[in-house]
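Structural description and commentary
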Amino acid sequence: MSTAAIHAGWRADDAHGAVVPPVYATSAYAHESHASLRDLFARRCDGFAYSRSGNPTTAVLERRITALEGGIGAIAVASGQAATTIALLALLEPGSHLVASSLLYGGTTEFLDDTLADLGVTTTVVDPADLTALAAAITEDTRAVLVESIANPGAQLVDLPAIAEIAHARDVPVVVDSTLASPALYRPGEHGADLVVHSATKYLSGHGTTIAGLIVDTGRFDPRRCPARWTRLTTRNRRFGVTFADDYERGCSGLLAYARAKYVTDLGATLPAASAQQILVGIETLDLRMRAHSTTAADLAARLHGADGVERVSHPTIPGRPDAPLARRDFPRGTSGVFSLELAGGEAAAAAFCDALELWTLAVNVGDARSLVCHPGTTTHSHLTEAQRLACGVTPGTVRLSVGLEDVEDLWEDLRRGLAAVAALPAADEAAPVP
Ligand SMILES: Cc1ncc(COP(=O)(O)O)c(C=O)c1O
């Protein structure tokens, strides 16, 4: 993993011997002949024509994440949100059905509930730990099951082999948002995922500088097994003049070729080359960082568990967590730096806690080298209904922590400052009545 993170997809064989993949800041690519550009547009050869649909720097990132996830191909796009959107649009069409985990990033739930519903796709939301409900939710129209490998913000883990067995028995592909795990902790393709999506904004970047997204085809999905179900891939596409499923004959992803040709191009959700380079630099230290994030987070979770004012710590290592066996079986390298805690005093306690912190930054991001804190109920999950928030474990007292790479004692000292501010709040029956 650590070797591939530095070398996969790039050798210093550029015209000038550049050691680090250079930023190809170009909109278009010059071709020697009319035939060359014509053949590229006719999809008779590979190459670059225009950077909206492909760029050499971005292509290095695509090869690197393909290697890290052990897949057959990848597409880099403008954000994690674009990755989820494009992956699902490539699988779903008006009238089709999605089974989605109740434990998803708030922005994903909003997309399913609003924009995807506008496009005529219905979604059934299930607790991913309830395998009976998941099996019952799959219908003849289901075209994907969507889960997060480590859920944001409660760090709940999924039993992916069990979910994939149920979905694959009905020929339904499984899409896994593995943003919080990153391939350094967990490779969903080894546990049954068909597609993996990442917000590369988070751990893959690692330094909070860049918005980016990735979609990886793990090589399990093959539309030729059910050609009538996936006619968009298995029949000749009028617009592009090819049958995308033919790409599988040469070990490439027909689904991603379709997604790039149609959705990346039409929606224009292109990742800038400079952003791709930032993510590539971040990935070089991914393995080291993920171990440090995970170790410090588990340490702080243990210290917060049972602390005054803390009702619950949501981390897989906390005694009684139902996913503890999954953590041991599938996540031996840790479960990242993200977890949440529930303060007994609700939103007032969460506000006092966040406002008292000096080292932790109040910001709605995760996976940064800096430790970050936020209140999901009024930010990342604020546009959901109360029932949706409760289903993913977000209550008024929930605070999300994204543990960075600082010294654990400094982080703990600051968290104690936050807990002291909570303890100093007047008791609920002494507090001034809300006007
Ligand atoms: C698990 C998860 N998936 C997807 C996204 C969306 O990614 P981006 O912000 O890069 O669009 C986020 C953002 O917080 C996330 O946490």
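Sequence order as written defines the numbering, with residues in each chain counted from 1. Where local features are concerned, this predicted model is filtered to residues with pLDDT of at least 70; where side-chain atom pairs are given and counted, the filter is 80 or more; whole-chain, interface and lining totals use all residues. As a rule here, side-chain values cover all heavy atoms of the structure and leave hydrogens and water aside.

**As for the sheet that holds strand 1 (residues 73-77)**
Paired strands are those between which DSSP finds at least two bridges. Elements are defined by DSSP. Helices are runs of H or I of four residues or more, strands are runs of E of two residues or more, and each kind is numbered from the N terminus. What the 7 strands build is an open sheet, ordered 1-7-6-5-4-2-3; its pairing is mixed. The open sheet has two edge strands with one neighbour each: strand 1 and strand 3 (122-126). Across this sheet, the average inter-strand angle for adjacent strands is 20°, counted without regard to direction. Both strand 5 (residues 174-177) and strand 6 (residues 195-199) contribute to a ladder of 3 bridges, which runs parallel. Between the N-to-C directions of two axes lies an angle of 0 to 180 degrees, each axis being a line fitted to C-alpha atoms and, for a helix, fitted only over the stretch in contact.

**Some thoughts on the site of the ligand**
Nearness of a residue to a molecule or strand requires only that one of the residue's heavy atoms be within 4 Å of it. Near the ligand, the surroundings consist of Ser79, Gly80, Gln81, Tyr105, Glu148, Asn152, Asp177, Thr179, Ser199, Thr201, Lys202 and Ala212. Counting of polar contacts relies on pairs of N or O atoms within 3.5 Å, with two restrictions inside protein: one atom must be capable of donating a hydrogen and the other of accepting it, and residues adjacent in sequence are counted only when both atoms are side-chain atoms. In this structure, Ser199 approaches the ligand through a side-chain N or O atom, which is 2.8 Å from an oxygen atom. Note on areas: Shrake-Rupley, 1.4 Å probe, and residue coverage restricted to the protein chains presented here. Protein contacts shield 89% of the accessible area of the ligand, which totals 390 Å² for the unbound molecule.

**Regarding a nonpolar patch on the surface**
Here the term patch refers to residues with relative accessible area over 30% and no salt bridge, with like charges joined within 9 Å and nonpolar side chains (Val, Leu, Ile, Met, Phe, Trp, Tyr) within 5 Å. Here a salt bridge means any side-chain nitrogen of Lys or Arg lying within 4 Å of a carboxyl oxygen belonging to Asp or Glu. The grouping of Val19, Val20 and Val281 at the surface amounts to a nonpolar patch, some 260 Å² of accessible area in total. Relative to the elements of secondary structure, Val281 occurs in helix 11 (residues 273-283).

**Comments concerning the packing of helix 4 (residues 80-91) against helix 5 (residues 106-118)**
Across the interface, helix 4 lies against helix 5 with an axial gap of 11 Å and an inter-helix angle of 45°. One finds that helix 4 runs oblique with respect to helix 5. Helix-helix and strand crossings are classified by hand; for helix 4 and helix 5 the assignment is right-handed. Listed contacts from helix 5 to Gln81, Thr84, Thr85, Leu88 and Leu89 of helix 4 are Gly107, Thr108, Phe111, Leu112 and Leu116. Each angle gets one of four labels, with under 35 degrees taken as roughly parallel, over 145 as roughly antiparallel, 65 to 115 as roughly perpendicular, and the rest as oblique. Here is the rule for handedness: rotate from the far helix to the near one, and if that takes an anticlockwise turn smaller than a right angle the crossing is left-handed, while a clockwise turn gives right-handed. Two residues qualify as a contact provided that any one of their heavy atoms is within 4.5 Å of a heavy atom in the partner residue.

**A word on the nonpolar core**
Formed by 78 residues in total, the largest nonpolar core has its most connected members in Val145, Phe339, Leu343, Phe353 and Leu401. Source of the domain bounds: an automatic or database domain assignment. When residues of this core are sorted by domain, at least three fall in each of domain 1 (2-282) and domain 2 (286-423). By convention a nonpolar core is built from buried Ala, Val, Leu, Ile, Met, Phe, Trp, Tyr and Cys residues, the set being connected through side-chain atoms within 4.5 Å. Throughout, exposure labels follow a simple rule: accessible area from a 1.4 Å probe, protein chains only, divided by the maximum for the residue type, with under 20% read as buried, over 50% as exposed, and the rest as partly exposed. One finds Leu88, Leu98, Ala100 and Trp230 within the second-largest nonpolar core, a separate group that totals 42 residues.

**A look at the sheet that holds strand 10 (residues 361-362)**
The 5 strands lie next to each other as 8-9-12-11-10, forming an open sheet whose pairing is mixed. The sheet is open, and its two edges are formed by strand 8 (310-314) and strand 10, each paired on a single side. Across 4 bridges, the pairing between strand 8 and strand 9 (residues 338-343) is antiparallel. Bridge pairing in strand 9 links Arg312 to Glu342.

**Looking at the side chain of Arg389**
Structurally, Arg389 is set in helix 15 (residues 386-391). When charges are counted, Lys and Arg are positive and Asp and Glu negative, with His and the chain ends excluded. Put simply, Arg389 is tucked away with no salt bridge, and the nearest opposite charge, on Glu386, sits 5.6 Å away. Ignoring sequence-local partners within four residues, the contact set of Arg389 consists of Gly377, His381, Ser382, Leu384 and Val394.

**Side note on the pattern of salt bridges**
A full pass over the atoms with the stated rule returns 21 salt bridges. For the salt bridge of Arg224 with Asp222, the shortest nitrogen-to-oxygen distance reads 2.8 Å. For Arg224, a relative accessible area of 35% puts it in the partly exposed group. Residue classification places Asp222 among the buried positions, given a relative accessible area of 18%. With a closest N to O distance of 2.8 Å, Arg329 and Asp330 form a salt bridge.

**Some points on the domain arrangement of the protein**
Structurally, the protein comprises domain 1 (2-282) and domain 2 (286-423). Put simply, the middle of domain 1 and the middle of domain 2, counted by C-alpha atoms, are 28 Å apart. Residue-level contacts link 38 residues of domain 1 with 41 residues of domain 2. Accessible area, probed at 1.4 Å, shrinks when two parts are joined; the buried area is that loss added up over both. Both sides together, the interface formed by domain 1 and domain 2 hides about 3,200 Å², and carbon and sulfur atoms give 59% of it. It is Pro153, Leu185 and Tyr203 in domain 1 that bury the most area against domain 2; as a group they hold 24% of the surface buried on that side. The closest approach of N and O atoms between Arg329 and Asp159, which form a salt bridge, is 2.8 Å. Counting every contact that joins domain 1 to domain 2 gives 17 residue pairs in polar contact (both at pLDDT 80 or more). At the level of elements, helix 5 and helix 8 (182-185) are the ones that each hand at least two residues to the side of domain 1 that touches domain 2.

**Description of the pairing of strand 6**
Of all 5 residues in strand 6, 5 are buried; the element is thus mostly enclosed. Burial of strand 6 is two-sided: the residues Leu195, Val197 and Ser199 facing one way and the residues Val196 and His198 facing the other way are all buried. Of the pairings in the sheet, the one linking strand 6 to strand 7 (residues 213-217) comprises 5 bridges and is antiparallel in character. Bridging across to strand 7, Val197 finds its partner in Ile215.

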